[in-house]
Structures are given as C-alpha cells and as structure tokens.
Amino acid sequence: MFWLKTRIVEGEGSLSHLSKAVKGYERVLILSSRSMKRHGFLKEAEDYVKEGGAEVFSIAGLPAEPSVEVIEEFLPKVREFNPDLLVALGGGSVIDTTKALKVFYDAPEVEFEEIAFIDRFSKPKPVPKLKTPLIAIPSTSGAGSEVSAASVLKKGDVKYNIVTPEIAPDIAILDPRLPRTMPAEVARNSGLDVLVHGIEAYTTKVANPFSDAMAIKAIKTVYKWLPLSVKGDEDARAKVHYAATMAGIAFLNARLGLCHAMSHKAAWIGPHGLLNAIFLPYVMEFNMRNDYARKRYAEIARELGFSSAKDLVEVVKELNEMLGVPKLSELVDEETFVSRVEEMAEKAYRDGLVYFNPVEPKPEEIRELYLKAFYGE
C-alpha cells in the first residue's frame, strides 16, 4: 500500500501560498524556529496570514530537540489562543513539536505514555480523530517531517515516536529560499539524514515499487548534489530540499530500519543526521548477510554508477569522509560510551523500526555494531 495525505506546494517564493491556504480560518498559530524569525521568514509568513484574512499569533524560538517537557511548556499558550489552523515554520524539530502539540491540543484527555511507541513489544492506544489542520514549512532539508505521520519526541535521553495519519501535515510548502539560510554543518547533517532515509526505506521488508521510486530519486539527488549544497550552492540547496521530502514520502510508506533505531537511542551523543551517517556503513555490512538486502544495496549501487553492495558501503564511507563526518569517538569519550552501550543496545533492539530491518538483530549484535562504530573498525 502507498499513501500520501499531504498536498505539496513547491518552488521559489512558494511561501506566498500561505495567503490562499489560510482562507476560511480565523486564528492561525505559527510555531517557528529562531532562525526563521532572524531571517525574516516568520514576518513574511505572518503577513501572508493577515493577507488571507486571519488573525495570527506566533511562538518563536522552539528548542532544537522536541521533548515531552517542551510540549507541556507550550500547550497552555496554544490553548489560550485557541487556533483553528497550525503552521510549523522551521526544521524537523519544529514540525515534530507542532505535530505533538496538535495531538494534545485536540485530544487533551490522552497521555503521552498511552499513545507513544515506547518499544516494538508494546501496543500504544490509537490516537483519536484530530480536527486542527496543519501546514508544515520546512527550513532544513532532512527530517521529512513535512509529509510523515510520525513525531519523534525525547523523554529523558531517549527518543520515542507518536505515529498516526492524524498528524501528517495537510499541506507542505517547500520554498527553497528557506534552506539557503542553513549553516554548512546543518546542511551536511540533514542532507546525510536524507541519504539514510532513502537507503533504509529502499531496503526494508515493506518497501514497494512506489516508495522505491521516491527513495532512489532522493538517494541519487543527495549523492550528486549534497557536496555542493554544503558549500552553499543555491541550486543544490533546492534540489536537496525536494529530495528530503521525497525520502520522507518513501519512509512514510516503507518505514526505516536498524540504523535509525540505533541513532534514536544514541540521541544524547549528537545530531540525529550525523549519527545516522556514522552508523550506516556498519548497519549495511551487518545487513549484507541477507540475500534480499545485498540485492537491494546492489540495485542502489548500480543507480549511482557502481556495481555491488560492497561498492555502496564504500561510497557511503567516502561521502562521509569527503564531508568531514567525525568519528563517533570524537563526539563522546570512551568511558561514557562504554558505560551506556548495553542500555543503548537493549533499547535499540526494542525500537519499533527494527521490525522493518531486513535482518533481525540480537541485542548483543547491536552492541557490537555500536562498539565497531566507536572504535572505527
């Protein structure tokens, strides 16, 4: 099965579509990152909302990591304004925070622990029908949150998912002017996240021909254009921005795998996209014991002009090196890492995404992968 709830509006200056999209609504709440305020895009969005005839209220400066605590902090302000349309303007974390706020704003009776995917062996309660529409306007090019049905939230040091079609945005506006404001490091980390989304979505147990098409296009685009995007090339930034949404559509349908499970449980170490890039070659080597995974990796390799699954692993390693991706040991000291590796491996084993990985890993195998990544073996 393939589905997509979100209507996608793309192109230079497409932020102006907001004035049409808000027609018929009375109170529009915009949740924005600090950078979108600083670069003037929040003001531009507010002006379009007013032009469309709605009252607007903005909350800027959402934290970089969505968390249950952040939701509890902002929820009273949302309820006080009582919006009938939500707009998320910023990176994946802003969009994920807005999605979660939508859940608890529209369904105040639900508890986070009841509806979150704590692990793959527990079954959360379904999220009830939600009424407030959501428009997502991403400013970074990685998370794919503007089309996905998931919100990733931290509780403590660990990331959990709320997954329901109810929180998939109704409209995504992809204006390439916004990601041009990304610092080089953010462009790199988020772009590498797109690559991992594409490769994992293409190799899960539930991939289908339609998700494959989106995944392959995203992978090829990132491979070709990410190095230029990191250098600030405007055309490259636009291409990677659209690729991020394509990869989001791919994993919305085909889900993700072990690499994401591992990076979710190592969220305390560093940026998500960066951790994904570090873990990916090790996870691919692990998955290659499986004929299906080897075949799928080889298909991706051929699309990029190479011939085998092994080639693809080397390509990923070389891209990481070219873009200056650090070793895991440069992000965290050995003693701290080793003291937490058992807990991370156990939690990653229980992560819902492991179910979709082409190979079912044991906790001790995940532990070994973490250590290999740390020691660069």
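Residue numbers restart at each chain and count upward from 1, following the sequence in its written direction. At least 70 in pLDDT is required for a residue's local features to be given in this predicted model, at least 80 for side-chain atom pairs to be given and counted, and no such filter applies to totals for whole chains, interfaces and linings, which use all residues. Calculated side-chain values reflect all of the structure's heavy atoms, with hydrogen atoms and water omitted.

A. Molecular detail of helix 10 (residues 258-265). Residue burial is assigned from relative accessible area. The probe radius is 1.4 Å, only protein chains are included, and a residue is buried under 20% of its type maximum, exposed over 50%, and partly exposed in between. Going along the chain from the N terminus, every DSSP run of H or I of four or more residues is numbered as a helix, and every run of E of two or more is numbered as a strand. Burial analysis of helix 10 places eight of its eight residues in the buried class, the great majority of the element. For helix 10, the set of buried residues is L258, C259, H260, A261, M262, S263, H264 and K265.

B. Examining the sheet that holds strand 5 (residues 134-138) more closely. If you walk across this open sheet you meet the six strands as 1-8-5-4-2-3, and the pairing is parallel. Of all strands in the sheet, those with a lone pairing partner are strand 1 (7-10) and strand 3 (55-60), marking the two edges. The mean inter-strand angle of the sheet, taken between neighbouring strand axes irrespective of direction, is 20°. In this scheme, strands are said to pair when DSSP sees at least two bridges between them. Looking at chain direction, strand 4 (residues 85-90) and strand 5 are connected through five bridges and run parallel. What counts as an axis is a line fitted to C-alpha atoms, over the stretch in contact for a helix, and the angles between N-to-C directions run from 0 to 180 degrees.

C. Structural context of the nonpolar core. Here the nonpolar core consists of buried residues drawn from Ala, Val, Leu, Ile, Met, Phe, Trp, Tyr and Cys, with membership extended through side-chain atoms lying within 4.5 Å. Ranked by internal contacts, the top residues of the largest apolar core, which has 69 residues, are I199, M262, F279, L328, F337 and Y370. Per element, the largest residue contribution to this core is ten residues, and it comes from helix 11 (residues 272-287). Residue contacts are counted whenever heavy atoms from the two residues lie within 4.5 Å of one another. Aside from chain neighbours lying at most four places away, what touches F337 is W268, I269, L328, V332, M344, Y370, L371 and F374. Membership of the second largest hydrophobic core comes to 33 residues, among which are V70, L75, F81 and A107.

D. Structural context of the pattern of salt bridges. Salt-bridge detection follows one rule: a side-chain nitrogen of Lys or Arg within 4 Å of a carboxyl oxygen of Asp or Glu. Under the definition given, this model contains 24 salt bridges. When the shortest N-O distance is used, the salt bridge between D351 and K265 registers 3.2 Å. On the criterion of sequence distance, the pair formed by D351 in the loop between helix 14 (334-350) and helix 15 (363-375) and K265 in helix 10 is long-range, its members being 86 residues apart. Each member of the pair, D351 as well as K265, is classed as buried. For E299, the salt bridge is made with K295, and the minimal N-O distance between the two is 3.2 Å. Separated by four residues within a single helix, E299 and K295 lie in helix 12 (residues 291-303), roughly one turn from each other. On the basis of relative accessible area, E299 is assigned to the buried category, the value being 19%. Through salt bridges with shared partners, one network takes in D212, K295, R296 and E299.

E. Just the environment of F57, in detail. As for its position among the elements, F57 is in strand 3. A residue is classified by how much of its surface remains accessible, and F57, at 32% relative accessible area, is partly exposed. Taking the C-alpha atoms as reference points, F57 and P183, 126 residues apart in sequence, are found 28 Å from one another. Leave out the neighbours within four places in its chain, and F57 touches V28, L29, I30, K77 and F81.

F. View of unusual backbone geometry. Positive phi outside glycine occurs at N82, with the angle close to 60°. Counting through the fold element by element, N82 comes out in the loop between helix 4 (68-81) and strand 4. Of note in the backbone geometry, R255 takes a positive phi value of approximately 65° without being a glycine. Inspection of the secondary structure puts R255 in the loop between helix 9 (234-254) and helix 10.

G. A look at helix 12. How far a helix is expected to stretch is found by multiplying one less than its residue total by 1.5 Å. In this model helix 12 runs 19 Å from its N-terminal to its C-terminal C-alpha over 13 residues, within 8% of the 18 Å that 1.5 Å per residue would give. A293, R296, Y297, A298, E299, I300 and A301 are the residues of helix 12 that are buried. Residues of helix 12 that are buried in the fold lie against helix 7 (184-203), helix 8 (209-230), helix 11 and helix 13 (309-322). Polar contact is the term for a pair of N or O atoms within 3.5 Å; when the atoms are in protein, one must be able to donate a hydrogen and the other to accept it, and sequence-neighboring residues count only if both atoms are side-chain atoms. Between the side-chain oxygen at the start of helix 12 and the backbone nitrogen of Y292 there is a gap of 2.8 Å, and the oxygen is on N290. Two residues or fewer past helix 12, G305 is found with a positive phi of approximately 95°.

Any link to function would need more than the numbers given here.
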